[in-house]
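# Residue-level structural notes
As a plain string of letters, each chain reads:
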Amino acid sequence: MIPGAFSYHRPASVADAVKLLSDLGEDARPLAGGHSLVPMMKFRLASPAHLVDLHGIAGLKGIRRDGDNLVIGAMTTQHDLLASEDVARSVPILHEAALLIADPQVRYRGTIGGNVANGDPGNDMPALMLTLGATYRLEGANGAREVQAADFYQGAYFTALEPGEILTAVSVPLPAAGHGYAYEKLKRKVGDYATAAAAVVLTLAGGKVASCAIGLTNVHETPLLAADAAKAVIGTSLDAAALKNAAAAAQAIMSPAADARGPVEYRKHVGGIMVARALQRAASRAR
Ligand SMILES: Cc1cc2nc3c(=O)[nH]c(=O)nc-3n(C[C@H](O)[C@H](O)[C@H](O)COP(=O)(O)OP(=O)(O)OC[C@H]3O[C@@H](n4cnc5c(N)ncnc54)[C@H](O)[C@@H]3O)c2cc1C
């Protein structure tokens, strides 16, 4: 319950935050909503000597259009995502998934940047970002760079973020008009991380799947893009055989941890079910 002592910094610009993080080195951590980092500090699983609070930086919050992309500032909260009509209309899977994250109080604080940068396989947003083909903007002492979400996750709590860098925005390509979508999450209770979850975005043409992307949450040490599972349904009308093939292809890349959510085989089994359910619900929504 009691974190270790730390110094608190509140930079007013990305440049100042980056400089602080570079100067202070490994003993410093960015602080966003604090709803993953502070619990870790209270258990002393993390004991940073410096917290660099990003709340004072104007411009890190907000949702805007940039051509065919929705650009979401890193400090945009899950509550902000839920309140955005543009998100609900243009990338509705983000709205659906945000409602399945944590609880109202956590969603008032937790940010999209913190959720995707955290590196915990239990977080829900990362697999969505793989599914949507999102890009992360990272800013550091050497300038800014864009990294595909698909290239960002390297292992549990290991990401492409370099020391001193912060993630400033997430850019989400708008899915095609009339697309179908679903985020299916199996969890033990409200506010729990997924036993297994699947994100699906697809389009239909003439009753057959024309395009499809499938992401998986908490069934591996990183979020996964299930490319073979998506391939298994393209060109099909999502008949029982296609759903079975997709579930099997997704299960083939799962390697969940055995924990209080169940043994490995159970989590793979329900992971396959989440894939099939998400595909069916996405198809029922596609126009
Ligand atoms: C009770 C409870 C239930 C929860 N349930 C869920 C759930 O079901 N699904 C889910 O996805 N999450 C869940 N969460 C986590 C919640 O969504 C967190 O808010 C989120 O994981 C982290 O976002 P944050 O803004 O709070 O980040 P913080 O806790 O402030 O930071 C998390 C990590 O990311 C780093 N970081 C933060 N922002 C940046 C940035 N811009 N650039 C670089 N590094 C950064 C920090 O240094 C830290 O290492 C839950 C949390 C709680 C307390």
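In what follows, the accompanying structure is described.

Definitions and limits used
Residues numbered from 1 in each chain as written. Predicted model: local features only at pLDDT ≥ 70, side-chain atom pairs only at ≥ 80, totals over all residues. Heavy atoms only, no water. Pairing = 2+ DSSP bridges. Helix = DSSP H or I, 4+ residues; strand = E, 2+ residues; numbered from the N terminus. Near = heavy atom within 4 Å. Polar contact = N/O pair within 3.5 Å; in protein donor to acceptor, adjacent residues only side chain to side chain. Areas by Shrake-Rupley, 256 points an atom, 1.4 Å probe, with all protein chains shown as cover. Buried < 20%, exposed > 50% of the residue type's maximum accessible area, 1.4 Å probe, protein only. Contact = heavy atoms within 4.5 Å.

For a regular strand, side chains alternate in direction, first toward one face of the sheet and then toward the other. As paired elements, strand β6 (residues 135–140) and strand β7 (residues 143–148) share six bridges and run antiparallel to each other. Across the sheet, Arg-137 pairs through a bridge with Glu-146, a residue of β7. Hairpin geometry of β6 and β7 is characterised by an intervening segment of two residues between the two adjacent antiparallel strands.

Turning to the site of the ligand, a few remarks are in order. Neighbouring residues of the ligand: 31 residues in total, closest Pro-30, Ser-36, Leu-37, Thr-111 and Asp-124. Ala-32 has a polar backbone atom sitting 2.8 Å from an oxygen atom of the ligand. Within the backbone of Asp-192, an N or O atom sits 3.3 Å from an oxygen atom of the ligand. Protein chains bury 91% of the 960 Å² of accessible surface belonging to the ligand in isolation.

A few words now on the side chain of Thr-203. Residue position: Thr-203 is located in strand β12 (residues 196–205). Assessed through its relative accessible area of 16%, Thr-203 is described here as buried. Among the polar contacts made by the side chain of Thr-203, one reaches the side chain of Ser-211 at a distance of 2.6 Å. Contacts of Thr-203, omitting those with residues within four sequence positions, involve Ala-176, His-179, Lys-208, Val-209, Ala-210 and Ser-211.

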